[in-house]
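The chain contents come next:
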Amino acid sequence: MSMPGEPAQPDPDGYIGTMSAEEDAKWLQWVTHQFETIAGEDQEINLQEFKTALNVKESFFAERFFTLFDSDGSGTITLQELREALTLLIHGNPMDKLKFLFQVYDVDGSGSIDADELRTVLRSCLRESAISLPDEKLDQLTLALFESADKDGNGAITFDELRDELERFPGVMENLTISAAHWLMPPAARSRPRRPRPLTLAYWHNHRSQLLCLTAYAGLHVLLFTLAASAHRALGASVMVAKGCGQCLNFDCSFIAVLMLRRCLTWLRATWLAQVLPLDQNIQFHQLMGYVVVGLSLVHTVAHVVNFALQAQSEASPFRFWELLLSTRPGIGWVYGSASPTGVTLLLLLLLMFACSSSCVRRSSHFEVFYWTHLSYLPMWLLLILHGPNFWKWLLVPGILFFLEKAIGLTVSHMVALRIMEVNLLPSKVTHLIIKRPPLFHYRPGDYLYLNIPTIARYEWHPFTISSAPEQKDTIWLHIRSQGQWTNNLYESFKTSDPVSCDSKRLSRSLRMRRSQKRPQVSEMSPENHQFCNIKCYVDGPYGTPTRRIFASEHAVLIGAGIGITPFASILQSIMYRHQKRMHICPNCRHSWREGGQDDDMKLHKVDFIWINRDQRAFEWFVSLLTKLELDQAEETPDGRFLELHMYMTSALGKNDMKAIGLQMALDLLAKKEKKDSITGLQTRTQPGRPDWSKVFQKVATENKGKVQVFFCGSPALAKVLKGHCEQFGFRFFRENF
């Protein structure tokens, strides 16, 4: 927080320092309002209400805060007591807040903190941050902090010693607060993310190919509509609108399938067209075109309905309205007058497909509803050929490409049945599959494939990123998180039953496989969760993704959230293989060195790898690979390292929080002493909370390692935040999606 007399500055948790009289009055009004919402009829807050309001996980801190807030020792907190305590914590100077922190740690009120009290506090800190460490590690953390703070070695930490220890961590004392008290700050005082401004130079830099394609797409529709409408202007406005929309639908309904030709798109990524066309946004353009098709179809239908209503009212027309709309008697259309009934059928099929394509259906446990209704594109194409006399001409080339790709895919995927050789059930409900690699299966780091396991679902194919490196010749690795019906069934089938189709030679086969290949272990093979098996499966792929651009970058920033790390597992392994390939060892003195040059297909000067996880266990399955990568760079200076790791754990509270400052200080001290992080075992220290993206990208920009490209795999919400920061710094942004 700002010191008294300084202008108000927002702190990292969104709080505001010194306030004006008007702001202070608003804050007191807000505190009063919040107090009244949680206090009972007696207008006092008891311990249970206090715990609920602060949302504190560990009762130790709630009880300590409550005791210190309850200045008269009555067992309840009045509004006046709450105001006084919060004024100290939110408006107070660093020394006032430090005295409060010391009282929290001084459990017995003796005026000093002994080692057992500190251990009790740190154990509660671990629980508050959802970190699980063995008692031995807790003892080491306690001793590391206690010995560092107890300068005179008398077996107790005094207030002055705690103050001196905190001063070693710049900015902590000034910003010290209770992060769980967000409910006590008015919404206007909390930080809001900055939205990127559209149509700026940076926005154009990141979206120029999409904007150009959207402009061309809109211009083509205007041209098609105008030509078709003007050709029928003699028939009235409703017919002009219907014909204009119909001509646009001829293009959309034929071209929409081209956007999902994954083999063609993968081939295009290897050509110069990848720099011109927005190939990474093919799914978004497919969805956009779907919305356009629905909108044009509704307008097309309404225009025809208006036209039929006008004709039915005419005395010269021998047909009634329903006959014009639903029957073949009027002879409308080029195939036995079937335009009207096929049009109605097409609209119903389209609306059904549209409804079942919503995200709530696709992301829920009803993926098969989306899958099977989406297959109605085949009868729709047939009906469109019967409905419109010119549609077959528009469909000719896209249709041939589409059916050729489907035929090749079915042939290749079912030519040879592959076998799942090993399964490993990992933390956070991740299933690690090891599949026998088929011959001629060539892929690049970050590619994905479609997987079909008949024993799980006979007709379902699901996309998964390949987590093994292409240099790994014998097997393919997939890491699959359980987050839907199919993936949950896969995980549970191995968790609740014996290995499926296990053969008697599985140990010998596994031994031969392990001896025949030398590979970095991405996951720890625990015996209770590791199974050898012989399960039939089929794969379709591989298919390219935006991450193919990584090796052509100069400075790549890889950002993964949770299981979104899987594309980068393959990429980092490939980087490690290439570095090992460039390693030379003198046969006499065993001195090792690397070649200074780079591969023809790898222009990388620097890689920043950022992994964000919700909890501690989510790190476990990937840590061994990262450890090996760190060891490969052990001889390099920290400033000259090719690969820099950044680990974040969002459930852990930061140094600015009174419920975590002791733990974070102890973790820092022990990490410096043991040269490794207590949470992951890596040399890289795991940072609490979420990254400060402005600081992260500012550091990347100042390194001047070349053009920066950011690659992300994770939630859409975080993708928007990262894209905004990339536009602010002028970085290219790519997001992995299927």
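Source: prediction; values computed, not measured.

Definitions and limits used
- Residues numbered from 1 in each chain as written.
- Predicted model: local features only at pLDDT ≥ 70, side-chain atom pairs only at ≥ 80, totals over all residues.
- Heavy atoms only, no water.
- UniProt positions renumbered as here; feature names shortened; annotations may be inferred.
- Helix = DSSP H or I, 4+ residues; strand = E, 2+ residues; numbered from the N terminus.
- Buried < 20%, exposed > 50% of the residue type's maximum accessible area, 1.4 Å probe, protein only.
- Arc of directions from axis to C-beta.
- Patch = residues over 30% accessible without salt bridge, like charges linked within 9 Å, V, L, I, M, F, W, Y side chains within 5 Å.
- Areas by Shrake-Rupley, 256 points an atom, 1.4 Å probe, with all protein chains shown as cover.
- Salt bridge = Lys/Arg side-chain N within 4 Å of Asp/Glu carboxyl O.
- Core = buried A, V, L, I, M, F, W, Y, C linked by side-chain atoms within 4.5 Å.
- Contact = heavy atoms within 4.5 Å.
- Axes fitted to C-alpha atoms, helices over the stretch in contact; angles between N-to-C directions.
- Parallel < 35°, antiparallel > 145°, perpendicular 65-115°, else oblique.
- Left-handed = near helix turned anticlockwise from the far one by under 90°.
- Nonpolar A, V, L, I, M, F, W, Y, C, P; charged D, E, K, R; others polar.
- Pairing = 2+ DSSP bridges.

As a further point, take the UniProt feature "domain: EF-hand" (unreviewed entry) in the protein chain. Within this structure's numbering, the places UniProt gives as "domain: EF-hand" (unreviewed entry) are residues 57-92, 93-128 and 137-172. The distance separating the terminal C-alpha atoms of residues 93-128 is 25 Å; by composition the span is 72% helix and 0% strand.

Moving on, we get to helix α8 (residues 159-166). Among the residues of α8, those classed as buried are F159, E161, L162, E165 and L166. Considered in projection along α8, the buried side chains sweep an arc of 165° and stay on one side of the axis.

Taken together, the side chains of W334, W392, L396, V397, I400, L401, L404, I408, V412, M415 and V416 define a hydrophobic patch exposed on the protein surface, amounting to about 1,100 Å² of accessible area. Structurally, L401 is set in helix α19 (residues 391-415).

In this section: the nonpolar core. Nonpolar side chains in soluble globular proteins tend to end up buried together. L558, F609, F622 and L626 are the most contacted members of the largest nonpolar core, which has 83 residues in total. Apart from the residues within four sequence positions on either side, L626 is in contact with L572, F609, W611, L645, M647 and L682. By size, the runner-up hydrophobic cluster in this structure holds 26 residues, among which are C253, I256, L261 and W381.

At a minimum axis distance of 9 Å, the contact between helix α11 (residues 237-255) and α19 shows a crossing angle of 25°. Viewed along their axes, α11 and α19 adopt a mutual orientation that is roughly parallel. For the crossing formed where α11 meets α19, the hand is right-handed. Side by side, α11 and α19 meet where Q247, N250, F251, C253 and S254 of the first sit next to F391, W394, L395 and P398 of the second. Partitioned by chemical class, the residues of the contact of α11 with α19 number six nonpolar, three polar and no charged.

A word on the sheet that holds strand β7 (residues 555-561). The pairing of strands in a sheet comes from backbone hydrogen bonds and takes either a parallel or an antiparallel form. In space, the six strands of this open sheet follow the order β12-β11-β10-β7-β13-β14, with parallel pairing throughout. Each edge of the open sheet is held by one strand with a lone partner, namely β12 (686-688) and β14 (732-735). Averaged over neighbouring strand pairs, the angle between their axes works out to 20° when direction is ignored. Where strand β13 (residues 708-713) meets β14, four bridges bridge the pair, whose relative direction is parallel. Paired with Q709 across the strands is R732, a residue of β14. Its contacts with the sheet place helix α23 (residues 623-632) against β10 (606-613) and β11 (643-649), and it is angled at close to 145° to β11.

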